[in-house]
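Observations on the model geometry
Each chain is listed here by its residues.
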Amino acid sequence: MIRGLKGPSFMDLALKTAENAGKAGEVPIGCVIVRDHEVIATAGNRTLTDYDPTGHAEIVALREAAKKIGSERLVDCDLYVTLEPCTMCAGAISFARVRRLYYGAADPKGGAVESGVRFFASPTCHHAPEVYSGVGESEASRLLKAFFRERR
Ligand SMILES: [Zn+2]
């Protein structure tokens, strides 16, 4: 358990997790879920490792956090993720009733918060978290760019 970290430090942990996911051959995206200043879940992307198209960092972390607190609703929880969540993850974040969402880089191609469908602003979204973007943005973009450069 990591206690007493402030916002940017939780994002640092998400970035570290993203880096580790990248080292494992996954797209370098990392997610951390925090409740009462305590990290209750940490996850990187696992789509390739688990042969799971839903294995995005946010989904993996939401599952872990929900199990840990024994509830499918993460009402007092804040979620930190290095990249703007996609449509699937934005939906899951809404269903989980996450309190605050902090993300690093925007994702014009696959994002669903400020890009694409802007899920939290849609009439079919019944819970929207408070959203803080651009947290740790430059490091998150650096990781992703380096990853895709190596792949080409
Ligand atoms: Zn996603």
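Refer to the structure above for everything that follows.
These remarks concern the structure in this document. (Residues numbered from 1 in each chain as written. Predicted model: local features only at pLDDT ≥ 70, side-chain atom pairs only at ≥ 80, totals over all residues. Heavy atoms only, no water.)

The number of helices and strands found in the protein is 4 helices and 5 strands. Each helix and strand of the protein, ordered N terminal to C terminal, gives the series α-β-β-α-β-α-β-β-α. In summary, the protein has a C-alpha radius of gyration of 14 Å against a globular reference of 15 Å for 152 residues, a match within 12%. Here the protein has roughly 7,900 Å² of accessible surface; of this, 53% comes from carbon and sulfur atoms. Charged side chains of the protein number 20 positive and 19 negative; the gap between the two group centres comes to 1 Å. (Helix = DSSP H or I, 4+ residues; strand = E, 2+ residues; numbered from the N terminus. Rg over C-alpha atoms; globule rule 2.2 N^0.38 Å. Areas by Shrake-Rupley, 256 points an atom, 1.4 Å probe, with all protein chains shown as cover. Lys, Arg positive; Asp, Glu negative; His and termini not counted. Charge placed at Lys NZ, Arg CZ, Asp CG, Glu CD.)

Those protein atoms acting as donors to the zinc ion are His56 (ND1), Cys86 (SG) and Cys89 (SG), and they sit at 2.0 to 2.3 Å. Judged by relative accessible area, which is 16%, Cys86 ranks as buried. (Donors = N, O, S within 2.8 Å, 3.2 Å for Na, K, Ca; no water. Buried < 20%, exposed > 50% of the residue type's maximum accessible area, 1.4 Å probe, protein only.)

Turning next to the pattern of salt bridges. Applying the stated criterion across every chain, the model contains 6 salt bridges. Glu19 serves as the salt-bridge partner of Lys16, at 3.8 Å between the closest nitrogen and oxygen. Placement of the pair is Lys16 and Glu19 together in helix H1 (residues 7-23), with a separation of 3 residues, close to one helical turn. For Lys16, a relative accessible area of 42% translates into the label partly exposed. A relative accessible area of 26% means that Glu19 is categorised as partly exposed. Within this structure, Asp78, Arg99, Arg100 and Glu130 form a network of salt bridges that share partners. (Salt bridge = Lys/Arg side-chain N within 4 Å of Asp/Glu carboxyl O.)

If you check the backbone angles, Asp36 has positive phi at about 50° while not being a glycine. Secondary-structure assignment places Asp36 in the loop between strand E1 (30-35) and strand E2 (38-44). Although it is not a glycine, Arg118 adopts a positive phi angle of roughly 45°. Within the secondary structure, Arg118 is located in the loop between strand E4 (100-105) and strand E5 (130-133).

Remember that side chains alternate between the two faces of the sheet whenever the strand is regular. Burial analysis of E4 places 5 of its 6 residues in the buried class, the great majority of the element. Inspection of the sheet shows strand E3 (residues 77-83) paired to E4 by 5 bridges, in the parallel sense. Bridge pairing links Tyr80 to Tyr102 in E4. This β-α-β element, E3 to helix H3 (residues 87-95) to E4, shows right-handed connectivity. Note: E4 against E5, 4 bridges, orientation parallel. (Pairing = 2+ DSSP bridges. Right-handed = clockwise from strand over helix to strand, strands pointing away.)

Helix length check: helix H2 (residues 57-69), at 13 residues, gives a terminal C-alpha distance of 18 Å against a target of 18 Å (1.5 Å per residue), a fit within 8%. Among all positions in H2, only Ala57, Glu58, Ile59, Val60, Ala61, Leu62, Ala65 and Ala66 are buried. Those residues of H2 that are buried are in contact with E1, E2, E3 and H3. Two residues or fewer after H2 comes Gly70, characterised by a positive phi angle close to 70°. (Expected span 1.5 Å × (residues − 1). Contact = heavy atoms within 4.5 Å.)

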